[in-house]
Amino acid sequence: MAKLAVNGKEPIRKKAFPSWPIFGKEERKNLLEVFESGKWYYFGHGEKQIEFEERFSSFQDAQYGIACANGTAALEASLIGCGIGAGDEVIVPPYTFVATATAVLKVNAIPIFADINIKTANIDPEDVKRKITPQTKAIIPVHFGGLPCDMDALKDIAKEYNLKIIEDACHSWGSKWKGKGTGALGDCGAFSFQMSKNITSGEGGIILTDNEDLADTIRSYTNCGRGKNKPWYEHYILGTNLRITELQVAILLGQLTRLEAQTLKREENASYLNGKLKDIPGIRITKKDSRVTRRSYHLYIVRYIKEEWEGISRDEFIKALNKEGIPVSGGYPHPLYKNPLFLRKGEGPRYCPISCPYYGKEVDYTKVSCPNTERICKEAVCIPHPVLLAEKEDIKDIVRAIIKIRENLKELK
């Protein structure tokens, strides 16, 4: 007789996991204060914005923070601030959200894709070294899922080749490498507060840095090119309006009050899962690194090896888990370089610098191959971060569901 929920039988659980976002009296109090003040938006730097920038910077061990409209804007402003421009090459991983690469294009630079380490889903420093040319000016490591990249190796490379490091920390609020927060490890780091993120105001972002001059340049760029402590109608660089509102930072200040406890709880539940899943055949947990002193789990990722599951596909496994009441997904379906944006040539609107002559090289992303990235796109099974805020008995259901499917594989054939 059938036992799996995918075949109509009782699932492991019917109770929902925690929903997102989580909010409460802190957000309501802050929002009401801003609402009743009538100061919903400051043309520059609001009181609550200043408070949030200082508190979040301190939380991540950085000296300066510049809040902005969203994480994509944070990446673009970081590149501009670091002097990345026309014809420069910036090394990025292809296993990330598209903004990591399109922010590079937005400043008329060229994204160069370096493969990931299959055991971490983070950019591989050895492949970074292989992709460096005389035109390389920066690296954007992505702390994927909240796991810090090998920053020691990347900083050594950056020092050797005189490169900037702009951290895409949009998954890593609370993560620490050797005791210091992500976003404060390179020249600067970009964070996102989009709706799905571990701290959210619907949209929003921030750039962190320990470099005062860089912080001033980035703030100027996000505030229409205005100068620090200069007259309002004087503009010093070609900037734009990427400002955040007081209403958004009011929410973020409330979110920040519980981020520490949530980070620790996710880490505790992820550690439990690691201990239970590491010995299940065909399930590969993420490699641990002792230099990661705290990890913020935006995603809990395992790799599913179908050959060790009698050829049952990853998508069939995910469907069976979903039917058992476990919310998982496969993550990114393909590397960034296989997106239509990067495959278009000679048609439709021109995409500078890819289709512009000043770069001086052929740009053909159809020739790019990052085998580890292509592999993980077929193997990844991702648990979203709200699930890791559940109680231990709920987390045990994830393990029970995987074991149940493993013991009844014949039903999926």
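Since the structure is predicted, the reported quantities are computational estimates derived from the model, not experimental observations.

**What about the side chain of Asn198?**
Note on placement: Asn198 falls in the loop between strand E8 (188-192) and strand E9 (205-209). Accessibility expressed as a relative area gives 1% for Asn198, which makes it buried. A polar contact is formed between the side chain of Asn198 and the backbone oxygen of Tyr297, at a distance of 3.2 Å. At 2.8 Å, the side chain of Asn198 forms a polar contact with the side chain of His298. Excluding residues within four positions of it along the chain, Asn198 makes contact with Trp20, Trp173, Leu259, Gln262, Arg266, Ser296, Tyr297, His298 and His385.

**Some thoughts on the nonpolar core**
Counting 56 residues, the largest nonpolar core has Leu79, Ile84, Val90, Phe113, Val128 and Ile207 as its most contacted members. For Val90, the residues in contact, after removing those within four places along its chain, are Leu79, Ile84, Val104, Ala109, Ile110, Pro111, Ile112, Ala138 and Ile140.

**Here we look at the pattern of salt bridges**
One pass over the full model with this rule turns up 37 salt bridges. Residues Lys15 and Asp394 are paired through a salt bridge, measuring 3.7 Å at the closest nitrogen-oxygen approach. Placement of the pair is Lys15 in the segment before helix H1 (25-37) and Asp394 in helix H12 (residues 392-407), with a sequence separation of 379 residues. For Glu212, the salt bridge is made with Lys228, and the minimal N-O distance between the two is 3.2 Å. With Glu212 in helix H7 (residues 212-222) and Lys228 in the loop between H7 and helix H8 (246-277), this pair connects stretches of sequence that are 16 residues apart. Residue class for Glu212 comes out partly exposed when judged on its relative accessible area of 38%. Salt bridges linked by common partners bring Arg13, Lys15, Glu393, Asp394, Lys396, Asp397 and Arg400 together as one network.

So, how was this worked out
- Residues numbered from 1 in each chain as written.
- Predicted model: local features only at pLDDT ≥ 70, side-chain atom pairs only at ≥ 80, totals over all residues.
- Heavy atoms only, no water.
- Helix = DSSP H or I, 4+ residues; strand = E, 2+ residues; numbered from the N terminus.
- Buried < 20%, exposed > 50% of the residue type's maximum accessible area, 1.4 Å probe, protein only.
- Polar contact = N/O pair within 3.5 Å; in protein donor to acceptor, adjacent residues only side chain to side chain.
- Contact = heavy atoms within 4.5 Å.
- Core = buried A, V, L, I, M, F, W, Y, C linked by side-chain atoms within 4.5 Å.
- Salt bridge = Lys/Arg side-chain N within 4 Å of Asp/Glu carboxyl O.

Just geometry here; none of it tells us what the structure is for.
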